[in-house]
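Observations on the model geometry
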Amino acid sequence: MPDGPGLELLRGEIDADLAGVVLDTSYAKERAVLIVDPARVRDVLTWLRDTPGQGYRFLSSLHAADYLPAQPRFAVHYELLNRDRVERLRVKALLADPGEDALPEIDSCVELFPTAEFQEREAYDFFGIVFKGHPDLTRILLPEDYVGWPQRRDFPVGGEPVTFTYNERNYG
Amino acid sequence: MAELTEPRTEVMTVNIGPHHPATHGVLRLIVDLEGEVVQDLKPVIGYVHTGIEKSCEDKSYWKVIPFVERMDYVSYFFQMEAFCGAVERLIELEIPPRAKYLRTIFLELNRIHSHLVWLGTTALDLGAISMLWYCFRERDKILDLFEMAAGQRMHTRYFQVGGVIEDIPLGFEAKCRAFAEEMPIRVGQYEDLLDRNEVFLQRTKGTGIVSRERLLELGVSGPLLRAAGEPWDLRKAFDYLAYPELDFKIPVGTVGDNYDRYRVRVAEMVESARIVAQCLDALPEGPFIADDRKYVLPPRSELSTSMESLIHHFKLVTEGYRVDPGEVYYSIESPRGELGCMVLADGSAKPARVHFRDPSFVNLQAFRDMAVDGYVADMIASLGMLDPILGGVDR
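Residues numbered from 1 in each chain as written. Chains lettered and ligands numbered in written order. Predicted model: local features only at pLDDT ≥ 70, side-chain atom pairs only at ≥ 80, totals over all residues.

**Brief notes about the overall build of chain B**
- For chain B, the helix and strand inventory stands at 17 helices and eight strands.
- In summary, chain B has a C-alpha radius of gyration of 23 Å against a globular reference of 21 Å for 395 residues, a match within 12%.
- Across its three principal directions, the C-alpha atoms of chain B cover 100 × 45 × 35 Å.
- Relative to its full complement of 395 residues, chain B shows a buried share of 52%.
- Summarising the internal contacts of chain B: among those between residues at least 6 apart in sequence, 69% fall at separations of at least 24. (Helix = DSSP H or I, 4+ residues; strand = E, 2+ residues; numbered from the N terminus. Rg over C-alpha atoms; globule rule 2.2 N^0.38 Å. Buried ≥ 20, exposed ≤ 12 C-beta atoms within 10 Å, placed from the backbone. Contact = placed C-beta atoms within 7 Å.)

Quick look at the structure:
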């Protein structure tokens, strides 16, 4: 894991090549996080993967999060791993909620990391985050005709009402 | 006449599953076949999706543990460790050395257990029915050990945030040590049954090969990656639990075919048995759970004498503890690869998001590469060697 100063050095290097793409950094609980411009997340991931001396070539995990009521509300986390230096780095892209029925959008990174295919579909399935350029962005775990984005924080935890015949007969 | 004698090929799309004994769970495969050769393949998942991650958002932290155990129902200790470890890192709670060793013992026993289930069912798919009985005989001994320590054979809820719920009982050590000594002998017997079995060799050697580079691109980890010759194991790479203090090897394969996958897992069982024996030898004395009353239940005996303890107990059981806002991704080496847990805390007593990076889910993406251009029969062998647990895939 890059430590606090290491993270700032990394930010400086990225800024030299891709000015203004890193919006913020955070270093907490021994975890280094780069918060980047969601419109250019592919550039950052490409840079981290291909720049000599960086080599974050393994995408461990991709997850989405909903920070409601904070704004911007959604985030996509890329847990990158440098297997040579045994370092983890999280790249975080914050996405605003476009409101109403519109869905937040971000570029897909499947071409860079083929492993993201299922994971981006999962994020789409549960959070309704659209990954532009994904080869087959469909629901993966939920049924195809499901309506709603259940992992969002404003989606209630609840079940479907089960009608028992006993209740129906006696109290229905 | 010429068109009559020309071989006719047509592509047939076959649906396999979701209820099929060879898919090791409710996995559905849509396979394009040309004769007996697989042209294309698409796994369809989600049949046992139960919304565990969403349910976790509605439970206080300590109540999440039994939920996450039920994701990957063969390696439940690993799910517990991933979640408890992530929460411990969020609240910056150090667990005592004895707890680290106890957790390591149970994780490694669980790794053997998981590999035994894999070996038994996969060998069954390949026609070696007796393997199932032998593997499940040893598995039962591991379940006996779990029952002895935790009171449950499966889904033990043994790990807690801060350590483990109870110390191991008297007699556990001897029984566990006997098992760790016996296991390598049993593994030798399995190898005797399979290693020179012509049918098994024909079915596994040279089938389902995927290159190391492609596996890395696809994010595959664990025994599948090691079978292709990449010595990557989180137990060695990262410092967690008692692993830095233990002496064990990482078995790797060379070709990356189904036979190597079998060899790697079988060798891992022996290494895990060695780890268990070493942990028992080096098991430190002392508390088995952290002494932090903000997060850890007070001992039962104090409740009748100490008002303070009673208050702590009441608070922990009713509301649970609050965790300051933050997010942590913690990953461990499960029997299937990198098992990661992301916990997002929003300051309340319930997690705002619990997300698992399940190795079966990610590894399943490599299945198309393993099966295409091979026979249907090899596809079944590859699926067994991939070892997906659909409870973990679908969550």
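Anyway, onward from the coordinates.
**Brief notes about the overall build of chain A**
- For chain A, the count of helices and strands is four helices and seven strands.
- Overall, chain A shows an N-to-C arrangement of helices and strands of α-β-β-α-β-β-β-β-α-β-α.
- Taking 16 Å as the expected radius of gyration for a compact globule of 172 residues, we find that chain A reaches 20 Å, considerably beyond that expectation.
- Seen along its three principal axes, the alpha-carbon backbone of chain A occupies a region of about 70 × 30 × 30 Å.
- Out of the 172 residues belonging to chain A, those deemed buried represent 37%.
- Taking the intrachain contacts of chain A between residues at least 6 apart in sequence as the baseline, contacts between residues at least 24 apart amount to 47%.

**Structural notes on the nonpolar core**
- Residues Val76(A), Ile129(A), Phe83(B) and Val343(B) are the most contacted members of the largest nonpolar core, which totals 158 residues.
- The leading source of residues in this core is helix α5 (residues 97-125) of chain B, at 13 residues. (Core = buried A, V, L, I, M, F, W, Y, C linked by C-beta atoms within 7 Å.)

**Focus: the interface of chain B and chain A**
- Contacts between the two partners involve 34 residues from chain B, matched on the other side by 24 residues from chain A.
- Elements with a contribution of two residues or more to the side of chain B that touches chain A: α2 (52-56), α4 (76-91), α9 (212-217), β6 (326-334), β7 (337-345), β8 (351-357) and α14 (359-363) of chain B.
- Its residues placed into classes, the side of chain B that touches chain A shows 13 nonpolar, ten polar and eleven charged. (Nonpolar A, V, L, I, M, F, W, Y, C, P; charged D, E, K, R; others polar.)

**Describing the sheet that holds β7(B)**
All names here are of chain B.
- Spatially, the three strands line up as an open sheet ordered β6-β7-β8, and their pairing is antiparallel. Of all strands in the sheet, those bounded by a partner on one side alone are β6 and β8. Here the strands of the sheet are splayed against their neighbours by 15° on average, with no regard to which way each runs.
- One ladder, built from six bridges, connects β7 with β8; its direction is antiparallel. From the neighbouring strand, Val343 faces β8, where its bridge partner is Val354.
- Where α4 meets the sheet, its contacts fall on β6, β7 and β8, and the angle it forms with β6 comes to roughly 145°. (Pairing = 2+ DSSP bridges. Axes fitted to C-alpha atoms, helices over the stretch in contact; angles between N-to-C directions.)

**Description of the sheet that holds strand β3 (residues 37-44) of chain B**
All names here are of chain B.
- Ordered by their spatial adjacency, three strands build an open sheet running β1-β2-β3, and the pairing between neighbours is antiparallel. Whereas interior strands pair on both sides, the edge strands pair on one side only; in this sheet they are β1 (11-16) and β3. The mean inter-strand angle of the sheet, taken between neighbouring strand axes irrespective of direction, is 20°.
- Across six bridges, β1 lies against strand β2 (residues 28-34) in antiparallel orientation. In the sheet register, Val11 faces β2, and the bridge partner there is Glu34.

**A short note on the pairing of β3(B)**
All names here are of chain B.
- Across seven bridges, β2 lies against β3 in antiparallel orientation. By the bridge assignment for β3, Glu34 is matched with Val37.
- In textbook terms, the turn of a hairpin is the stretch between consecutive antiparallel strands, and for β2 and β3 this stretch comprises two residues, one of which, Gly35, has a positive phi near 65°.

**A look at unusual backbone geometry**
- Between Leu68(A) and Pro69(A) the backbone carries a cis peptide bond, its omega angle lying at 5°.
- The amide bond that connects Gln71(A) to the next residue, Pro72(A), takes the cis arrangement and shows omega of -10°.
- Relative to the elements of secondary structure, Pro72(A) occurs in the loop between β3 (58-66) and β4 (74-82).
- Backbone geometry at Glu92(B) places phi at a positive 50°, although glycine is not the residue there.

**Some words on the pairing of β3(A)**
Residue and element names in this part refer to chain A.
- Counting buried positions along β3 gives nine out of nine residues, so the element sits mostly inside the fold.
- Both β3 and β4 contribute to a ladder of eight bridges, which runs antiparallel. Residue pairing across strands places Ala65 opposite Ala75, the latter belonging to β4.

**Considering the confidence of the model for chain B**
- Summarising the model, chain B shows a mean pLDDT of 89, and 97% of its residues fall at 70 or more.
- Our summary of model confidence lists the complex with pTM equal to 0.90 and ipTM equal to 0.86. (pLDDT = per-residue confidence, 0-100.)

**Considering the environment of Leu116(B)**
Residues and elements named next belong to chain B.
- On the secondary structure map, Leu116 appears in helix α5.
- Take Leu116: there are 28 C-beta atoms within 10 Å of it, and that puts it in the buried class.
- Setting aside anything within four residues of it in sequence, one finds Leu116 in contact with Cys135, Glu138 and Arg139.

**Digging into helix α3 (residues 116-127) of chain A**
All names here are of chain A.
- With twelve residues, α3 should cover 16 Å at 1.5 Å per step; its first-to-last C-alpha distance of 16 Å lies within 8% of that length.
- Within α3, twelve of the twelve residues are buried, leaving the element largely enclosed by the surrounding structure.
- Considered for burial, the residues of α3 that qualify are Ala116, Glu117, Phe118, Gln119, Glu120, Arg121, Glu122, Ala123, Tyr124, Asp125, Phe126 and Phe127.
- Trailing α3 by a residue or two, Gly128 shows a phi angle of about 70°, which is positive. (Expected span 1.5 Å × (residues − 1).)

**A few points about the packing of helix α3 (residues 61-69) of chain B against α4(B)**
All names here are of chain B.
- Look at α3 against α4: their axes get within 8 Å of each other, and the N-to-C directions meet at 150°. The orientation of α3 relative to α4 falls into the category roughly antiparallel. In this structure, the crossing between α3 and α4 has a hand that is right-handed. Between α3 and α4, the contacting residues are Tyr61, Val64, Ile65, Val68 and Glu69 on the first element and Tyr76, Gln79, Met80, Phe83, Cys84 and Val87 on the second.
- Class assignment of the residues belonging to the contact of α3 with α4 gives a composition of nine nonpolar, one polar and one charged. (Parallel < 35°, antiparallel > 145°, perpendicular 65-115°, else oblique. Left-handed = near helix turned anticlockwise from the far one by under 90°.)

**Details of the packing of helix α6 (residues 129-150) of chain B against helix α7 (residues 172-194) of chain B**
Residue and element names in this part refer to chain B.
- Contact geometry of α6 with α7 gives a least axis separation of 11 Å together with a crossing angle of 165°. As far as their axial angle goes, α7 and α6 are roughly antiparallel. In the packing of α6 onto α7, the handedness of the crossing is left-handed. Counted together, Met131, Tyr134, Glu138, Lys141, Leu145, Met148 and Ala149 of α6 and Phe172, Lys175, Cys176, Phe179, Met183, Arg186, Tyr190 and Leu193 of α7 form the full contact between these two elements.
- Residues that form the contact of α6 with α7 fall into these classes: eleven nonpolar, no polar and four charged.

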